[in-house]
There are 2 protein chains.
Amino acid sequence: MNNVLIEKYANLIVNVGANVQKGQIVDISSSLENAWLAEIIMEKCYQAGAKFVSIQWVNDKTSVIAYKYASLDVLKEIKPYTRARLEWLTDNKVVRIHIDDDDPNAFKDVDSEKMAESSKDISKLAKDLFDKIEGEYQWCIAAAPSKKWAKQVFPNDTEEEAVQKLWNMIFKMCRIDEATDELALWKEHNDKLVNRCKFLNDLDLEYVQYKNSLGTNLKVYLADGHIWQGGKNITKQGIDYLPNIPTEEVFSTPHAYKVDGTLVSTFPLNYNGVLIKDMRFTFKDGKVIDFSASEGQDTLKHMLNMDENANRLGEIALVPYNNPINNSKTLFYSTLFDENASCHFAFGECYNDTIKNYEKYSKEELNKKGCNNSIIHVDFMVGSSDLSIIGHTKKGEDVVIFENGNFAFEK
Amino acid sequence: MNNVLIEKYANLIVNVGANVQKGQIVDISSSLENAWLAEIIMEKCYQAGAKFVSIQWVNDKTSVIAYKYASLDVLKEIKPYTRARLEWLTDNKVVRIHIDDDDPNAFKDVDSEKMAESSKDISKLAKDLFDKIEGEYQWCIAAAPSKKWAKQVFPNDTEEEAVQKLWNMIFKMCRIDEATDELALWKEHNDKLVNRCKFLNDLDLEYVQYKNSLGTNLKVYLADGHIWQGGKNITKQGIDYLPNIPTEEVFSTPHAYKVDGTLVSTFPLNYNGVLIKDMRFTFKDGKVIDFSASEGQDTLKHMLNMDENANRLGEIALVPYNNPINNSKTLFYSTLFDENASCHFAFGECYNDTIKNYEKYSKEELNKKGCNNSIIHVDFMVGSSDLSIIGHTKKGEDVVIFENGNFAFEK
């Protein structure tokens, strides 16, 4: 492990990603395997002035054992200490850092219906609590290799080599190297994302039309009052933060009730540790009315049935085909990377803060504008080298947004 | 790692130690390093019929970082989720299994006063809650090597070799090998401990007099109505369990106000990760009125001042000098082993269930009988090869209990 690069990476996570401020409380969630990184990040949070840093240890293996043996009733029951922890996180507007190192196959042998059912109530509670503080806390998700994840990405290497290779990839994707100033590089990259948002926001789009040779032919209206965002977010208190490291996307809210046509996925989706491949969806009035997958169809079905709006879109995101993650020609089996390799959508909950003055509207008013409400938010990738996106503005003009997979205006 | 031995060991912990029953809830506390063992134990708990198994991950390194940076006020504050968890454990009379692999030096660089102060309130809350369900839940502490602990025991070996050696020692001390039936061996050993208790209980002692060549010369009255216990415990619901694996001791409650003379320790004490060596205590009317240590005197001072009765005895335990742990001639730097190598006492809280019909008495009544109340319970070793213990019975007879470090009646 290169300690200089780890230092720079942890710095980026704490001081740009979460942007921890003096006196704040921070919660880090991490696997046991990457505890060493969580410890480095924890110390940096304190050095940035955090008042208290709690750690939530995540261990897939004990979850798998619980899913195997415990009854659904027992698993569904929200333990009082879990509820107390969620309330504490939200009451204190705790800054949240998540180290993502999921084994894409961790839950492949688990009954997907039992798993989905047992998490419904706790997901609902968490959503209700975090909805109340939307836009009032910083959060950041960044990656670290686990042995199993690394072996999935580099199956022909030993565990140790695979982990090292994946670290090298992560550093590269995250613009971390010894010679350059990662904070300056991230500023430049952020400016580029902001520029794309400006271009899209100036167009004032009514709908976009996706087409490619795989069969995608989809018309997606944007939610009323939508705005495109990318790069840094800013809390209501005025603290900017970078929710995802890395990030290559600009995104907004599609209209939950105005999506029609066919959409074909271009990357496998890792949902709760199960891989879903070659998805095809037919939309009518915003709702999936037909779907298929060559693998993981059962899991996909459970996902789309998590609640009544889990089968409607909550995010639209544009990523040029020519970008460092896609150029690595590596399938990462991780949404954090793969979503940033490619144009994507998400099923489920939308980001209300991509609606102009969203804080002035009630949930019902936002829903009328096209904002989707769900306990899930699951990204899936649809970008391809021949993807074309035509934008139709409210003024009635057609504008080429994507041509052969990339932003047309950046050529 | 020998999987057969690990299986046998985990079986012993779950089915003899904690003796998990159908429908019970179990909580396992484990370090991250020994998560693999916690997972095996967790699965065995479910196989024994547990309804739900929760895991509490313990990580000394993040605690050390918190002690370094967070303020005492922040550390002292009992987080609502911690309180909720303690209440859940006690409301449900949850069975508790602790995997002990403490690094004896984990907290050596931490401000011992800050550490002691920050745990006072939570210790008090935990004591109050667990007092309410005394005798109503099973618990078991068993060991597993951590790299740091193993290196402390075997400093001249590599980490890997030290861990393997310590595992071999643990298996041996715990009577686990491939050829023999560990459950039969534990039954035989338990019968021997029960026999010692019968001998001591039949004597009906008033006080015991300890003497050896190191300077120990101590008169200890037993609490009124005391009984000697050893081996298996039994809950009020009638479930037997083995609180410590291994165990070689028989123990009872000394009179908190009737201890006089000099007591010299014979093993170092590991308290909160700090080693305290060569302790000497002078007692008057049950209280330590003078003490010294060649190392860790500060920590010892904080320990004895944790509350007003932390400097009185709460346990008296007899262990023959000739026993497998002591015969290994290994200093384990772990109370679980070292206390079972040697006669010992504990400062602090007594075990009320070593008083006849303890459940019929109030706290005040028990205290009048000589039962000590404190938030700490810390064992320290006083056995030696020349230790003699003379018992003075209520009938006025003097009986030799220990001669040259061993039970005289077993010669």
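For the structure, check the block above.
Since this is a predicted model, take the numbers as computed values, not measurements.

(A) The arrangement of the sheet that holds strand 12 (residues 254–264) of chain A in detail. Residues and elements named next belong to chain A. Across the sheet, which stays open at both edges, the 8 strands sit in the order 16-15-12-6-5-20-21-22 with antiparallel pairing between neighbours. The open sheet has two edge strands with one neighbour each: strand 16 (287–292) and strand 22 (406–407). Most of the contacts of helix 9 (residues 182–203) go to strand 21 (residues 398–403), to which it runs at about 155 degrees, and overall it touches strand 5 (205–211), strand 20 (388–393), strand 21 and strand 22. Of the strands in this sheet, strand 15 (280–284) and strand 16 touch helix 10 (residues 297–304), which is tilted by about 170 degrees from strand 16.

(B) Spotlight on the interface of chain A and chain B. Contact with chain A, which involves 27 residues of that partner, is made by 27 residues of chain B. Of the roughly 2600 Å² buried between chain A and chain B on both sides combined, carbon and sulfur atoms contribute 75%. Remark: the boundary between chain A and chain B carries 2 salt bridges. The partner of Glu43 of chain B in a salt bridge is Lys68 of chain A, and the shortest N-O contact between them spans 3.6 Å.

(C) Spatial organisation of the packing of helix 3 (residues 60–69) of chain A against helix 2 (residues 35–47) of chain B. Axis separation between helix 3 of chain A and helix 2 of chain B bottoms out at 10 Å; the angle between their running directions is 10 degrees. Taken together, the axis directions place helix 3 of chain A and helix 2 of chain B in an arrangement best described as roughly parallel. Taking contact as the criterion, the partners of Lys61, Thr62, Ile65, Ala66, Lys68 and Tyr69 of chain A in helix 3 of chain A are, on helix 2 of chain B, Glu39, Met42, Glu43, Tyr46 and Gln47 of chain B. The residue makeup of the contact of helix 3 of chain A with helix 2 of chain B, split by class, is 5 nonpolar, 2 polar and 4 charged.

(D) Looking closely at the sheet that holds strand 12 (residues 254–264) of chain B. Residues and elements named next belong to chain B. Strand order in this open sheet of 8 strands is 16-15-12-6-5-20-21-22, and the pairing throughout is antiparallel. Unpaired on one side and paired on the other, strand 16 (287–292) and strand 22 (406–407) mark the two borders of the sheet. Summarising the sheet, strand 5 (residues 205–211) and strand 6 (residues 217–222) pair through 5 bridges and their orientation is antiparallel. Bridging across to strand 6, Tyr210 finds its partner in Leu218. Across the sheet, helix 9 (residues 182–203) is in contact with strand 5, strand 20 (388–393), strand 21 (398–403) and strand 22; its angle to strand 21 comes to roughly 155 degrees. Helix 10 (residues 297–304) rests against strand 15 (280–284) and strand 16 of the sheet, and its axis sits at about 170 degrees to strand 16.

(E) Up close: the packing of aromatic side chains. What the rule picks out here adds up to 47 aromatic pairs over all chains. Centroid distance Tyr9 of chain A to Phe171 of chain A: 6.0 Å. Interplanar angle 85 degrees. Geometry classified as edge-to-face. Taken together, the residues span a long stretch of sequence, with Tyr9 of chain A in helix 1 (residues 3–17) and Phe171 of chain A in helix 8 (residues 159–173) at a distance of 162 residues. Here the two residues Tyr9 of chain A and Phe171 of chain A agree in accessibility, since each one is buried. On the numbers, 5.7 Å between centres and 45 degrees between planes, the contact of Phe130 of chain B with Tyr137 of chain B is tilted. By the burial criterion, Phe130 of chain B is buried, and Tyr137 of chain B matches it. Among the aromatic residues, ring-to-ring pairing joins Tyr210, Phe281, Phe283, Phe345, Phe347 and Phe380 of chain A into one connected group. We note Lys258 of chain A situated over the ring of Tyr221 of chain A; from NZ or CZ to the ring centre the distance is 5.3 Å. We note Arg175 of chain B situated over the ring of Trp186 of chain B; from NZ or CZ to the ring centre the distance is 5.4 Å.

Conventions adopted
Residues numbered from 1 in each chain as written. Chains lettered and ligands numbered in written order. Predicted model: local features only at pLDDT ≥ 70, side-chain atom pairs only at ≥ 80, totals over all residues. Heavy atoms only, no water. Pairing = 2+ DSSP bridges. Helix = DSSP H or I, 4+ residues; strand = E, 2+ residues; numbered from the N terminus. Contact = heavy atoms within 4.5 Å. Axes fitted to C-alpha atoms, helices over the stretch in contact; angles between N-to-C directions. Buried area = accessible area lost by both parts, 1.4 Å probe. Salt bridge = Lys/Arg side-chain N within 4 Å of Asp/Glu carboxyl O. Parallel < 35°, antiparallel > 145°, perpendicular 65-115°, else oblique. Nonpolar A, V, L, I, M, F, W, Y, C, P; charged D, E, K, R; others polar. Phe/Tyr/Trp six-rings, centres within 6.5 Å; stacked < 30°, edge-to-face > 60°. Buried < 20%, exposed > 50% of the residue type's maximum accessible area, 1.4 Å probe, protein only. Lys NZ or Arg CZ within 6 Å of the ring centre and 35° of its normal.

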